[in-house]
Amino acid sequence: MDSVRSDRDGTRSRIPVALKILIAGGFGAGKTTMVGSVSEIRPLQTEEVLTGVEGADDTSGVEGKRTTTVTMDFGRITITDDLQLYLFGTPGQDRFWFLWDELSQGALGAIVLADTRRLADCFPSIDYFEQRGTPFVVAVNCFDTERRFGSEAIARALDLDPDVPVVEFDAREPLAARNVLIELVEYVARRQLLAAGSR
Amino acid sequence: MPVDPLRAPHDWLDHDAGPVVRPYAMTQGRVAPSGCEFDLVAFVVATMANAAPSPSLQPEHHAIVGAAWEPTPIVELASKLDLSLGVVRVLLGDLRSAGLISLYEPPAASQPHDVDVLKAVVNGLRAL
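Below or above, wherever it landed, is the structure these notes cover.

Criteria and cut-off values
Residues numbered from 1 in each chain as written. Chains lettered and ligands numbered in written order. Predicted model: local features only at pLDDT ≥ 70, side-chain atom pairs only at ≥ 80, totals over all residues. Pairing = 2+ DSSP bridges. Helix = DSSP H or I, 4+ residues; strand = E, 2+ residues; numbered from the N terminus. Axes fitted to C-alpha atoms, helices over the stretch in contact; angles between N-to-C directions. Contact = placed C-beta atoms within 7 Å. Buried ≥ 20, exposed ≤ 12 C-beta atoms within 10 Å, placed from the backbone. Parallel < 35°, antiparallel > 145°, perpendicular 65-115°, else oblique. Left-handed = near helix turned anticlockwise from the far one by under 90°. Nonpolar A, V, L, I, M, F, W, Y, C, P; charged D, E, K, R; others polar.

### Points about the sheet that holds strand β4 (residues 73-80) of chain A
Sheet strands pair by backbone hydrogen bonding; their relative direction is either parallel or antiparallel. Residues and elements named next belong to chain A. One open sheet holds the six strands; their spatial order is β4-β5-β1-β6-β7-β8, and the pairing between them is mixed. If you trace the sheet from one side to the other, it starts and ends with β4 and β8 (166-169), each paired once. Recorded for the sheet is a direction-independent mean angle of 25° between the axes of neighbouring strands. Inspection of the sheet shows strand β6 (residues 109-114) paired to strand β7 (residues 136-141) by five bridges, in the parallel sense. In the sheet register, Leu 113 faces β7, and the bridge partner there is Ala 139. In this fold helix α3 (residues 123-132) packs onto β1 (17-25), β6 and β7, with an angle of close to 160° to the strand it touches most, β6.

In structure tokens, the structure reads:
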């Protein structure tokens, strides 16, 4: 595999560093909204109309949702010319699990979106990242109309390890979504430093 | 949704209908690239600005070479060219065999992320 940087003509850019962050969570939890609210480019959305037949999702609590993401959303945040962050919204349904392994390969970490109306929807994502040892934070997507439960109660309900950050935010707000990303990257850095210290 | 007047509207076909050509028709039915799997964020760089016409190259091959003059990750190519990721991978395998592109994989997955890089990411995000 080539590993040298391209400088044959000196006019083209060098190869940047690209980091992957996954946005996971149950169906309708706000993954597409979050990727769209913080990224530079329009997410690669392939949405399919829900037909209500053959293994369709249970949409109770999210009746307004008519389409579901069938491939992945992705967005880019350019930190510097040499450093780019890619956000991938993981496909929300069980039949797309096969994509997760590829997405999580080498990923920096994951954000698990939780919807308090259907908290159990994020269990599979949490199980998945815990098993793979992928660092993750839980972000509770708070819509205006809902009552808030407090992040401690949610951490308890999800039976999380005590060091896993839980934050409440509004996925539609770019700044709030950005703060969740910062929370994740800082958490990954803390874990890395701890691991280095215990070596 | 605004209608492009240059494109004749059809009652029977619109954007929602999806691609007219089935994706893997472009790859002669091949679903896996020759050689290894490519990471989603592996960067592609064309070794020349334009590939010479050749019977083995399809328009999509040429489009990739044209789009990858600047280092471009695979996902961006798929998005820009409106091709499925799997199709892009197969075409990239062809192009690499033909020496028309170089691929730069991200560092190995097992390697921990550099804390300095993480700090740079946090600072960059704060500045947004």
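That was the structure; now back to the text.
### Looking at helix α2 (residues 74-81) of chain B
α2(B) sits mainly inside the fold: six of its eight residues count as buried. Considered for burial, the residues of α2(B) that qualify are B:Ile74, B:Val75, B:Glu76, B:Leu77, B:Ala78 and B:Ser79. Taken together, the buried residues of α2(B) touch β4 and β5 (83-89) of chain A together with β1 (43-46), α1 (59-67), β2 (72-73) and α3 (85-97) of chain B. Looking one or two places after α2(B), you find B:Asp82, whose phi comes out positive at around 55°.

### A word on the environment of A:Glu183
With respect to the secondary-structure elements, A:Glu183 resides in helix α5 (residues 174-197). Exposure remark for A:Glu183: the 18 C-beta atoms within 10 Å place this residue in the partly exposed category.

### Quick word on the packing of α2(B) against α3(B)
All names here are of chain B. Relative to each other, α2 and α3 sit at 115°, their axes nearing to 9 Å. In terms of orientation, α2 lies roughly perpendicular with respect to α3. As α2 runs across α3, the sense of the crossing is right-handed. Two secondary-structure elements touch here, α2 through Ile 74, Val 75, Leu 77 and Ala 78 and α3 through Leu 85, Val 88, Arg 89 and Leu 92.

### Some thoughts on the interface of chain B and chain A
Contact residues are listed per partner, giving 30 residues for chain B and 31 residues for chain A. If you list the elements that add at least two residues to the side of chain B that touches chain A, you get β1, α2, β3 (101-104) and α4 (115-126) of chain B. In the side of chain B that touches chain A, the residues fall into 21 nonpolar, four polar and five charged.

### Side note on the sheet that holds β2(B)
All names here are of chain B. Ordered by their spatial adjacency, three strands build an open sheet running β2-β1-β3, and the pairing between neighbours is antiparallel. The open sheet is flanked by β2 and β3, the only strands paired with a single partner. In this structure, β1 lies alongside β2, joined through two bridges in antiparallel fashion. Looking at β2, one finds that Val 44 is bridged to Thr 72. Relative to β3, α3 is tilted by about 115°, and along the sheet it contacts β1 and β3.

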